[in-house]
Amino acid sequence: MQLIFMGPPGAGKGTQAQLLAALWKIPHISTGDILRACVVAKTDLGQKAQSYMDRGELVPDELLMDIVQERMNQPDARAGWILDGFPRTVAQAAFFDKLLCDVEGSTSGKDCALRAVNLDVPDNVLVARLLSRGRQDDNEETIRRRLQVYREQTEPLIDFYSGRQQLVAVDGDRAMELVTAELQQVLSGDS
Ligand code: ADP
């Protein structure tokens, strides 16, 4: 199982990714969680990342590439994974294709078992969800910026993966259990 969870902030990626990873006994790798842990631990990386995160901007690609490369090389990532919050730019996706080739020996990201799940949720629902969540970066101004950044920089990945027949689109504007059930149904069985 090699899954990328995409979707705007507040779409429910983290919740669904965590549930399914536990069910399938594979690691849930959230770049947002990794970055927040670095901020709390005040590592070099955390200090570099914090101002971007507080403003709702993306952290520079190079920092993310290092994080993901290191995490994907851990032994528990061999059996599969759910990647939540990465890739978020076309440059990250291209890097990730290359990384998968190196880790797996396949000739290209196109050839792997990789699938990209997109959770679709309308903007008004996203804003309401994020405001009620109340994380440090969940104030109205930052939320608007994160949504804008998502549309500009991350949404193009939908075409990127759909052009390779790797996209799984799911309506995320429903009860959590219904979304989980649909994901389980479409993702298991043919992996
Ligand atoms: P959400 O999807 O709810 O906005 P995340 O926890 O996935 O939250 O990410 C929080 C923040 O961490 C982002 O706004 C961004 O600043 C940073 N971040 C996480 N993943 C990436 C990534 N792949 N590339 C750049 N920045 C990232």
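As a reminder, the structure under discussion sits directly above these lines.
Described below are features of the structure shown in this document. (Residues numbered from 1 in each chain as written. Predicted model: local features only at pLDDT ≥ 70, side-chain atom pairs only at ≥ 80, totals over all residues. Heavy atoms only, no water.)

### Quick word on the nonpolar core
Reasoning step 1: With 27 residues, the main nonpolar core has M72, W81, F96 and Y161 as its most contacted residues.
Reasoning step 2: Elements represented by at least two residues in this core include exactly β1 (2-6), α2 (31-40), α3 (44-55), α4 (61-72), β3 (81-84), α5 (90-104), β4 (114-120) and α8 (156-162).
Reasoning step 3: Considering each element in turn, this core owes the most residues, five residues, to α4.
Reasoning step 4: Residue contacts for Y161: discarding those within four places in its chain leaves I4, M6, P87, A93, L114, A116, Q166 and L167.
Reasoning step 5: One finds I143, L147, V170 and L187 within the second-largest nonpolar core, a separate group that totals 21 residues. (Core = buried A, V, L, I, M, F, W, Y, C linked by side-chain atoms within 4.5 Å. Buried < 20%, exposed > 50% of the residue type's maximum accessible area, 1.4 Å probe, protein only. Helix = DSSP H or I, 4+ residues; strand = E, 2+ residues; numbered from the N terminus. Contact = heavy atoms within 4.5 Å.)

### What to know about the sheet that holds strand β5 (residues 167-171)
Each strand in a sheet pairs with another by means of backbone hydrogen bonds, the pair being arranged parallel or else antiparallel.
Reasoning step 1: Spatially, the five strands line up as an open sheet ordered β2-β3-β1-β4-β5, and their pairing is parallel. Looking at strand neighbours, the two that pair on one side only are β2 (28-30) and β5, the edges of this open sheet. The average angle at which neighbouring strand axes cross in this sheet is 20 degrees, direction not considered.
Reasoning step 2: In this sheet, β3 lies alongside β2 in parallel orientation, the contact comprising three bridges. Within the sheet, the bridge partner assigned to H28 lies in β3 and is I82.
Reasoning step 3: Strands β1, β2, β3 and β4 of the sheet are contacted by helix α1 (residues 13-24), whose axis makes an angle of about 170 degrees with β3.
Reasoning step 4: Strand contacts of helix α9 (residues 176-187): β1, β4 and β5, with the helix running at about 155 degrees to β5, the strand carrying the most contacts. (Pairing = 2+ DSSP bridges. Axes fitted to C-alpha atoms, helices over the stretch in contact; angles between N-to-C directions.)

### Concerning the site of the ligand
Reasoning step 1: Around the ligand sit 18 residues, and of these T31, R36, E57, G85 and Q92 come closest.
Reasoning step 2: One nitrogen or oxygen atom from the side chain of R36 is found 2.9 Å from an oxygen atom belonging to the ligand.
Reasoning step 3: At a separation of 3.1 Å, an oxygen atom of the ligand approaches a polar side-chain atom of R133.
Reasoning step 4: When the free accessible area of the ligand is taken as 550 Å², the share hidden by the protein chains comes to 97%.
Reasoning step 5: Among the elements that make up the shell around the ligand, the one with the highest residue count is α2 (four residues).
Reasoning step 6: Of the residues contributing to the shell around the ligand, the split by class is seven nonpolar, four polar and seven charged. (Near = heavy atom within 4 Å. Polar contact = N/O pair within 3.5 Å; in protein donor to acceptor, adjacent residues only side chain to side chain. Areas by Shrake-Rupley, 256 points an atom, 1.4 Å probe, with all protein chains shown as cover. Nonpolar A, V, L, I, M, F, W, Y, C, P; charged D, E, K, R; others polar.)

### A closer look at the packing of α2 against α3
Reasoning step 1: The interhelical angle for the contact between α2 and α3, taken along N-to-C directions, is 115 degrees, at an axis separation of 8 Å. What the angle tells us is that α2 and α3 run roughly perpendicular. Helix-helix and strand crossings are classified by hand; for α2 and α3 the assignment is left-handed. Along the contact surface, α2 presents G32, L35, R36, C38 and V39, while α3 presents L45, G46, A49, Q50 and M53. (Parallel < 35°, antiparallel > 145°, perpendicular 65-115°, else oblique. Left-handed = near helix turned anticlockwise from the far one by under 90°.)

### Remarks on the packing of α2 against α4
Reasoning step 1: One way to put it is that α2 packs onto α4 with a least axis distance of 11 Å and a crossing angle of 105 degrees. One element, α2, and the other, α4, form an angle in the roughly perpendicular class. Here α2 contributes T31, I34 and L35 to the contact with α4, which in turn contributes L64, I67 and V68.
Reasoning step 2: Here the residues of the contact of α2 with α4 are counted per class, giving five nonpolar, one polar and no charged.

### Examining α2
Reasoning step 1: Buried residues of α2: T31, G32, L35, C38 and V39, and no others. Taken down its axis, α2 places every buried residue within 125 degrees of arc, on the same side.
Reasoning step 2: The inward-facing, buried residues of α2 contact β2, α3, α4 and β3. (Arc of directions from axis to C-beta.)

### A word on the pattern of salt bridges
Reasoning step 1: For the structure shown, the criterion picks out 13 salt bridges.
Reasoning step 2: In this structure, D97 engages R164 in a salt bridge whose closest nitrogen and oxygen atoms are separated by 2.8 Å. On the criterion of sequence distance, the pair formed by D97 in helix α5 and R164 in the loop between α8 and β5 is long-range, its members being 67 residues apart.
Reasoning step 3: Owing to a relative accessible area of 16%, R164 belongs among the buried residues under this scheme.
Reasoning step 4: One salt bridge in this structure joins R144 and E140, with 3.0 Å as the shortest N-O distance. (Salt bridge = Lys/Arg side-chain N within 4 Å of Asp/Glu carboxyl O.)

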